[in-house]
Each structure stands twice: as C-alpha cells, then as structure tokens.
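# Observations on the model geometry
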Amino acid sequence: MKKKILIISGGISKERIISLDTGKQVAKELRKHHHPVKIVEPNFKLLDTIKSFKPNIIFNALHGQFGEDGYIQTILETTKIPYTHSGVISSAIAMNKELSKKIFIKNKILTPKYFVYSFDKSKSNLISLIEKKLKFPVVIKPINEGSSVNVYICKKKNIMSKLNLLREYKSIIIEEFIPGREIQSAIIGTKKLGAIELKPKREFYDYKAKYNPEAKTKHIIPVSLPKKKLDELMNITLNTHKLINCRGVTRSDFKYFKGRFYLLEINTQPGMTKLSLVPEIANYYGINFYNLIRLILKDASTNK
Ligand SMILES: Nc1ncnc2c1ncn2[C@@H]1O[C@H](COP(=O)(O)OP(=O)(O)O)[C@@H](O)[C@H]1O
Ligand SMILES: [Mg+2]
C-alpha cells in the first residue's frame, strides 16, 4: 500500500503563496505515484482533519512564521503521527536569526557581524552606532521572516526611510553587508546534497529575484570553486545542520567573499516550487523530484 500523505500548506505567513505552491507541487508528484493525498490549511479544523484522514505521514509544506518556527511542529507532536522536516526546537532556533547567529558564533561558524536594533529604544544615535560597530552599507532584516521579505541593503542616506518599512517588528537585525558571490547548499538527512550559485540581475537576491522568472536570476550548478573550497562549504553546511539538530532537508544560505563563506541562515523548510533551489540541486545530482520527496518522507519522525 502506498503511504497516505496529508500536506499542510498555505498558512498566515508572508510566504503563504510560496507555501501553497510548494504544497501543490508535492501533491502533484505524490498523486502521480498513486499516493492518497490531501492538502489542508493549518486552521482550527486541522486536528479533526488529521483524525478523519488518518495519514501515515504529514508533509509540512509551510514556510515562514507559524510553519517554520516550531509552532505547527508543537501541534503535530501531539498527533503522534510522523511529520516531515525539523522538529520543534530546531525549527524555532533556525527561524530566529538572532538565536541562530549566536549559536553559529559560539561554534566558530563565520556569519556577518550584526547587532539587534529595537524600535522601542531611541534611534537618535543609530547612524553613529552603525559606524562604530559595523560600517555602511548594512543589511537590515527581520529576525524571523524568510524569502527576503523586508530585507534591505542600506546606505547612510537611506537607512532611516528603509528602517520605517520594518516598523511592524519590535526588533530587527542590522548586519554588515558582505559583497561577493551568493551560494546556497543543501543537506538531506545526514547526506550532503550539493550547492548552487545564484547570480541575480537585481541589486541582490530579493523576493522578486527568487520567485519571478522575469527577474532572470541565473542559477549556476555545479558551483565553480576548487574542490577544497566546495568540500569546506559542504562541511560547514552539514555541521550546521547537525549542530541545530535538523531533520530531513535543510538549505543554508551563504555569501562567499575573499575565500571565506559567511553563513546568513539555515532554512528548515526550503521551498519545493518549480523555481526552488533544493529540487534543482537534487535533480543535478541524480535525485528526481519524487525521490527527493521520498527521502524527506523517510526522514519524517516525531520528537526531535
Ligand atoms: N549580510 C549580508 N550581506 C549581503 N547580502 C545579504 C546579507 N544578508 C542578506 N543578504 C541578501 O539578502 C538575501 C536574504 O537574506 P537572508 O538572510 O537569507 O534572509 P531570508 O530568510 O529572507 O532569506 C540573501 O540571500 C542575500 O542576497
Ligand atoms: Mg535566505
């Protein structure tokens, strides 16, 4: 009997649209291979739906807040049904850039210098603070979003206006800007999947560069780096995945500058849309979309 899969997608995060697409692509592939599949929203009826559908495995296709940060995982733990991707604690840590960067630094994983800025505190001396701690340009970003939502590169002259765009968050990350190449790499289970380089035509790898084919971001695979450097990259990627105790698939985002990899973040719910990077990396290394989904399902479990 083919496994019965319940896919949770959509949700209330700013990445809702991407999640719906991830859910749709995964469902299409599973149905092609004769799995009974049901797609649901993470709403009040979720637990009732789980009870009546009785899935063998729950595929978490959510991205962003509530789906990637330990919240939905906590609810899924109560069902005792295996669910895909990382568990409660790992998801919560990985989604929080402040927490995860602290852990990276403690473990000597290079990440851009940063500080946390709280909107409640006076910002009168913010510019001098930046000049003291970092230097311009800087990157401002929410602590727990994804898909480059509300990420901006700021110069001294526009930082105050850009900062206003992030007022909905209590506090944000202000980070040193790392020029250079944009490289991302993935792990499945405990295996190194591979890496990909992105060459956005836009200023940086922002939301449009990620999801709008008209933005014409170049995807380069294999990544042109000496083998020693590629090994170093994949070792950092696997070590980070293990350090945060992640499960299933993760994708880590790096900037590569002057021979050094700067880890921006680790994603525990990487996208599975047509333009998504993990399926593209997997495919290049001989793992088709169905087999990638199967590996993710195989790694599903509770309590981690
Ligand atoms: N410190 C940085 N230096 C240079 N570019 C950055 C930096 N931080 C983020 N970026 C750019 O913004 C994109 C999104 O940032 P990231 O930290 O990965 O957040 P998200 O969770 O939204 O993907 C990156 O892929 C990169 O193009
Ligand atoms: Mg990212």
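Residues numbered from 1 in each chain as written. Chains lettered and ligands numbered in written order. Predicted model: local features only at pLDDT ≥ 70, side-chain atom pairs only at ≥ 80, totals over all residues. Heavy atoms only, no water.

Moving on, we come to the overall build of the protein. Scanning the protein for helices and strands turns up 11 helices and 12 strands. For 304 residues, the compact-globule formula gives about 19 Å, and the C-alpha radius of gyration of the protein, at 19 Å, lands near that figure. Its C-alpha atoms put the protein at 65 × 45 × 40 Å along the principal axes. In the protein, of all internal contacts separated by at least 6 residues, the share reaching a separation of at least 24 is 68%. Here the protein has roughly 14700 Å² of accessible surface; of this, 55% comes from carbon and sulfur atoms. Where the 55 positive side-chain charges of the protein centre and where its 26 negative ones centre are 3 Å apart. (Helix = DSSP H or I, 4+ residues; strand = E, 2+ residues; numbered from the N terminus. Rg over C-alpha atoms; globule rule 2.2 N^0.38 Å. Contact = heavy atoms within 4.5 Å. Areas by Shrake-Rupley, 256 points an atom, 1.4 Å probe, with all protein chains shown as cover. Lys, Arg positive; Asp, Glu negative; His and termini not counted. Charge placed at Lys NZ, Arg CZ, Asp CG, Glu CD.)

This brings us to the pairing of strand β5 (residues 138-142). On a regular strand, each side chain points to the face opposite its neighbour's, so the side chains alternate between the two faces of the sheet. The element β5 is extensively covered by neighbouring structure, given that 5 of its 5 residues are classed as buried. Residues of β5 alternate between two faces, with V138, I140 and P142 on one and V139 and K141 on the opposite face, all of them buried. Relative to strand β6 (residues 152-154), β5 runs antiparallel, the two being bridged by 3 bridges. Residue pairing across strands places I140 opposite Y152, the latter belonging to β6. Relative to strand β7 (residues 171-176), β5 runs antiparallel, the two being bridged by 5 bridges. Each residue of the ladder has a partner; that of V139, found in β7, is E175. (Buried < 20%, exposed > 50% of the residue type's maximum accessible area, 1.4 Å probe, protein only. Pairing = 2+ DSSP bridges.)

What follows covers the sheet that holds strand β3 (residues 57-60). The strand order across the open sheet formed by 3 strands is β2-β1-β3, and the pairing between neighbours is parallel. With one partner strand each, in any of the chains shown, β2 (37-40) and β3 form the two edges of the open sheet. On average, each strand axis in the sheet is tilted by 25° relative to the strand beside it, whichever way the strands run. Packed on one face of the sheet, helix α1 (residues 16-32) meets β1 (5-8), β2 and β3 and runs near 170° to β2. Lying on the sheet, helix α2 (residues 46-53) is in contact with β1, β2 and β3; it crosses β1 at an angle near 165°. (Axes fitted to C-alpha atoms, helices over the stretch in contact; angles between N-to-C directions.)

Quick look at the environment of K218 now. Take K218: it is sitting in strand β10 (residues 218-220). C-alpha separation for the pair K218 and K106, spaced 112 residues apart in sequence, amounts to 34 Å. Ignoring any residue separated from it by four or fewer positions in sequence, one finds K218 in contact with E197, L198 and K199.

Here we take up the coordination of the magnesium ion (ligand 2). Each protein donor to the magnesium ion (ligand 2) is listed here as D253 (OD) and E265 (OE); together their distances run 1.9 to 2.0 Å. Pair noted here: D253 is in strand β11 (residues 249-257) and E265 is in strand β12 (residues 260-267), with a separation of 12 residues, a long-range link. For E265, a relative accessible area of 11% puts it in the buried group. (Donors = N, O, S within 2.8 Å, 3.2 Å for Na, K, Ca; no water.)

Interfaces are often sized by the amount of accessible area the parts lose when they come together. We note that the domain assignment places domain 1 (5-85), domain 2 (93-109 + 179-298) and domain 3 (114-176) within the protein. Here domain 1 and domain 2 have C-alpha centroids that lie 22 Å from each other. Across the interface of domain 1 and domain 2, roughly 2100 Å² is buried in total on both sides, 63% from carbon and sulfur atoms. Among the residues domain 1 hides against domain 2, the three largest losses belong to I18, E68 and H85. Together they make up 34% of the total. Taken together, domain 1 and domain 2 are joined by 0 salt bridges. At the junction of domain 1 with domain 2, the criterion picks out 8 residue pairs in polar contact (both at pLDDT 80 or more). Broken down by secondary-structure element, the contributors of at least two residues to the side of domain 1 that touches domain 2 are α1 and β3. Broken down by element, the side of domain 1 that touches domain 2 gets its largest block of residues, 8 residues, from α1. Partitioning the side of domain 1 that touches domain 2 into residue classes produces 9 nonpolar, 12 polar and 5 charged. (Domains from an automatic or database assignment. Buried area = accessible area lost by both parts, 1.4 Å probe. Salt bridge = Lys/Arg side-chain N within 4 Å of Asp/Glu carboxyl O. Polar contact = N/O pair within 3.5 Å; in protein donor to acceptor, adjacent residues only side chain to side chain. Nonpolar A, V, L, I, M, F, W, Y, C, P; charged D, E, K, R; others polar.)

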